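Spelled out, the chains give:
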Amino acid sequence: MSTANATALDSATVETDTVLEVRNLTVSFQGDNGEVKAVNDISFSVGSGERVGIAGESGSGKSVTAQALMGLLQGAKVEGEVIFRGQDILTMSSQQLRQLRGWELSYIFQDPLSAMDPVRTVGDQVSQVLRLRGVGRREARERTIDMLHKVGIKDPSQRFRDYPHQFSGGMRQRAMIAMALIGEPALVIADEPTTALDVRVQAQVIDLLHDLTEERGTSVVFITHDLSIMAAFAQRMMVMYAGRVVETGKTDDIYYESIHPYTLGLLNSLPRVSGAVAEELPTIGGQPPAPTNIPPGCAFHPRCALAIDICRVDVPQLATPDGGAHPSRCHRSALLAEKPGVMPL
C-alpha cells in the first residue's frame, strides 16, 4: 500500500494553476476537559476554475474547515497552512483579511436570511464590496442590477430596493450568490448553500453557480451532506468523518469505485428509482461520534460492518491501496479495491 502525500486530493491530474493549498489543517477548541479537535490534519488543493467538494454528515468538520479557510473562527486554535495565491491566510492581520474577503475570496452561507442584514436593502448589501473598493454609486448600482439579473432575479432594478424578508428563500440564496460573485473573486466557498431549499430550487442554484463559475473561471469549494447534489457539481471531492478526510479523488471515481465503508454507506442510502416496487433504503447504523468522544483507532469502526481488531486500536493512514485508484483511510481498503464500489457481505 502506498501512502498518500500531504496533498492527497491532488492525486487526480490538475492542469490548472493552484489557487488554494491547504496543508495539515487542524482546528481545536478548548473544552471543559481539555482541547477538542474538530478538524484533524487535512490537506488538499484547488486549481483555478476547479469545483472541489467536501462531503460528510453533520459534525464531520466540513463547516469548521470552510470557516477556517476564510479566517472566520473565533476562539479556536488553528494550525497548519491555508495558502491562497501564495499567502497564508492563517498569518494575515485583520486588515489584510478584510481586504481579501468579498473581493478575491467569497463565502456563501447556508442560511441567507440570518447572514444578511435585515435593515439594509438587498441591492445595498450586494453592492457593498464595490463601494468599499471605490466604485462610484451609480456604477455600483448598474453592476449590481446586472448581477442580480444574471443570478435569475426578475425585475432586478425594482428588487434592488427590497429588503431580505421580501425575498423568497430561493431568491435570498440567489442574492447571496450575487453578493459572493460581484467582486469577481478567484475562490468561492459555498457552505451548504442549498440546505434550506426545495429540490427544484436546489437544482436551479446548482446550475446557476455552475454556469457563473464556468463563465468567470472562478474556483469553488462546495460543502454539502447531500451526495446527490455533490455529483451534479464537483469535479473532485473528499469525504470527511470525525474531522478527518477518509476518502478523496475524482468525483466519478468516488461514486462508482469507492473504497471506504463510510462513503459506500452514504452512497447506498441515496434514493434510487428502480422499477415500480419501493425498496427500503439501507442506512448506516449508529451515530457519528462527538468531537469530545472520538473512538480509538478508526473513528468509523463502531459503525462499520468490516471492522476487525486493528481497526479498533490503530488509526489508518490516508493511502492508495494496491489496485486502488485513489486514497482511502481504511485498513480494509485493499479488500474493497478488489471490487470497488461494492461492500462485501
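Above this text is the structure in question.
In short, a report on the structure. Since this is a predicted model, take the numbers as computed values, not measurements. (Residues numbered from 1 in each chain as written. Predicted model: local features only at pLDDT ≥ 70, side-chain atom pairs only at ≥ 80, totals over all residues. Heavy atoms only, no water.)

1. Details of a nonpolar patch on the surface
- A contiguous nonpolar surface patch, about 260 Å² in accessible area, is contributed by I308, I310 and V313.
- Inspection of the secondary structure puts V313 in the loop between α12 (261–268) and β12 (319–320). (Patch = residues over 30% accessible without salt bridge, like charges linked within 9 Å, V, L, I, M, F, W, Y side chains within 5 Å. Areas by Shrake-Rupley, 256 points an atom, 1.4 Å probe, with all protein chains shown as cover. Salt bridge = Lys/Arg side-chain N within 4 Å of Asp/Glu carboxyl O. Helix = DSSP H or I, 4+ residues; strand = E, 2+ residues; numbered from the N terminus.)

2. Re the sheet that holds strand β7 (residues 105–108)
- Taken in spatial order, the six strands make up an open sheet running β7-β8-β9-β4-β10-β11, and their pairing is mixed. Two strands lie at the open edges of the sheet, namely β7 and β11 (244–250), each paired on one side alone. Going across the sheet, the axis of each strand differs from the next one's by a mean of 15°, ignoring polarity.
- Where strand β10 (residues 236–241) and β11 come together, six bridges link them in antiparallel fashion. Directly across from M237, in β11, lies its bridge partner G249.
- The sheet strands contacting helix α8 (residues 169–181) are β7 and β8 (187–191), and the helix crosses β7 at an angle near 170°.
- This element, α12, spans β10 and β11 of the sheet and lies at about 105° to β10. (Pairing = 2+ DSSP bridges. Axes fitted to C-alpha atoms, helices over the stretch in contact; angles between N-to-C directions. Contact = heavy atoms within 4.5 Å.)

3. Some points on the packing of α8 against helix α9 (residues 199–216)
- Here α8 crosses α9 at 15°, and the two axes come no closer than 10 Å. Relative to α9, the element α8 is oriented roughly parallel. In this structure, α8 crosses over α9, and the sense of that crossing is right-handed. For the pair formed by α8 and α9, the contact residues are G170, Q173, R174, I177 and L181 on the first element and V201, Q204, V205, L208, L209, L212 and R216 on the second.
- Considered class by class, the residues forming the contact of α8 with α9 number seven nonpolar, three polar and two charged. (Parallel < 35°, antiparallel > 145°, perpendicular 65-115°, else oblique. Left-handed = near helix turned anticlockwise from the far one by under 90°. Nonpolar A, V, L, I, M, F, W, Y, C, P; charged D, E, K, R; others polar.)

4. Quick notes on the pairing of β8
- Summarising burial for β8: five of the five residues are buried, a large majority.
- With burial as the criterion, each face of β8 is covered, one bearing L187, I189 and D191 and the other bearing V188 and A190.
- Relative to β8, β7 is paired through four bridges, and the arrangement is parallel. Among the inter-strand pairings, S106 is bridged to a residue of β8, identified as V188.
- Pairing geometry for β8 and strand β9 (residues 219–224), over five bridges, is parallel. Considered in β9, the bridge of D191 is made with I223. (Buried < 20%, exposed > 50% of the residue type's maximum accessible area, 1.4 Å probe, protein only.)

5. What to know about the environment of H331
- Within the secondary structure layout, H331 lies in the loop between β12 and α13 (333–338).
- Residues H331 and L113, spaced 218 residues apart in sequence, show a C-alpha to C-alpha distance of 43 Å.
- Of note is the side chain of H331, whose polar atom sits 2.7 Å from the backbone oxygen of D314. (Polar contact = N/O pair within 3.5 Å; in protein donor to acceptor, adjacent residues only side chain to side chain.)

6. Looking at the pattern of salt bridges
- Inspection of every chain in the model, using the stated rule, returns 15 salt bridges.
- One salt bridge connects E184 with R216, and the closest N-O pair in it is separated by 3.6 Å. Placement of E184 in the loop between α8 and β8 and of R216 in helix α9 is noted, with a sequence separation of 32 residues between them.
- What makes R216 partly exposed here is its relative accessible area of 27%.

7. Topic: the nonpolar core
- Ranked by internal contacts, the top residues of the largest apolar core, which has 63 residues, are I108, V151, I177, F222, L227, M237 and Y262.
- Tallying contributions element by element places α8 first for this core, with seven residues.
- Setting aside chain neighbours within four positions, we find L227 in contact with A55, M237, Y255, L266, L267 and L270.
- Counting 35 residues, the second largest nonpolar core, distinct from the first, contains V39, L69, M92 and I223. (Core = buried A, V, L, I, M, F, W, Y, C linked by side-chain atoms within 4.5 Å.)

8. Structural notes on the sheet that holds strand β5 (residues 76–84)
- Read from one edge to the other, the open sheet built from four strands follows the order β3-β2-β5-β6, with strand pairing classed as antiparallel. Two strands in the sheet have a free side with no partner beyond their single neighbour: β3 (34–47) and β6 (87–88).
- Relative to β5, strand β2 (residues 18–31) runs antiparallel, the two sharing eight bridges. Residue pairing across strands places R23 opposite E81, the latter belonging to β5.
- Contacting β2, β3 and β5, helix α1 (residues 62–70) runs over the sheet at an angle of about 115° to β2.

9. Quick look at the packing of aromatic side chains
- Here the structure, examined in full by the defined rule, presents five aromatic pairs.
- Ring centres 4.6 Å apart and planes at 50° place the aromatic pair Y107 and F109 in the tilted group.
- On the basis of relative accessibility, which here comes to 9%, the residue Y107 falls in the buried class.
- Where F222 meets F233, the ring centres are 4.8 Å apart and the plane angle is 40°; that geometry is what we call tilted. Taken together, the residues F222 in strand β9 and F233 in helix α10 (residues 227–233) connect sequence positions 11 residues apart. With respect to class, F222 is no different from F233; both count as buried.
- Among the aromatic residues, those joined into a cluster by ring pairs are Y241, Y262 and F300.
- Here the guanidinium or amino end of R51 rests over the ring plane of F233, the centre of that ring lying 5.5 Å away. (Phe/Tyr/Trp six-rings, centres within 6.5 Å; stacked < 30°, edge-to-face > 60°. Lys NZ or Arg CZ within 6 Å of the ring centre and 35° of its normal.)

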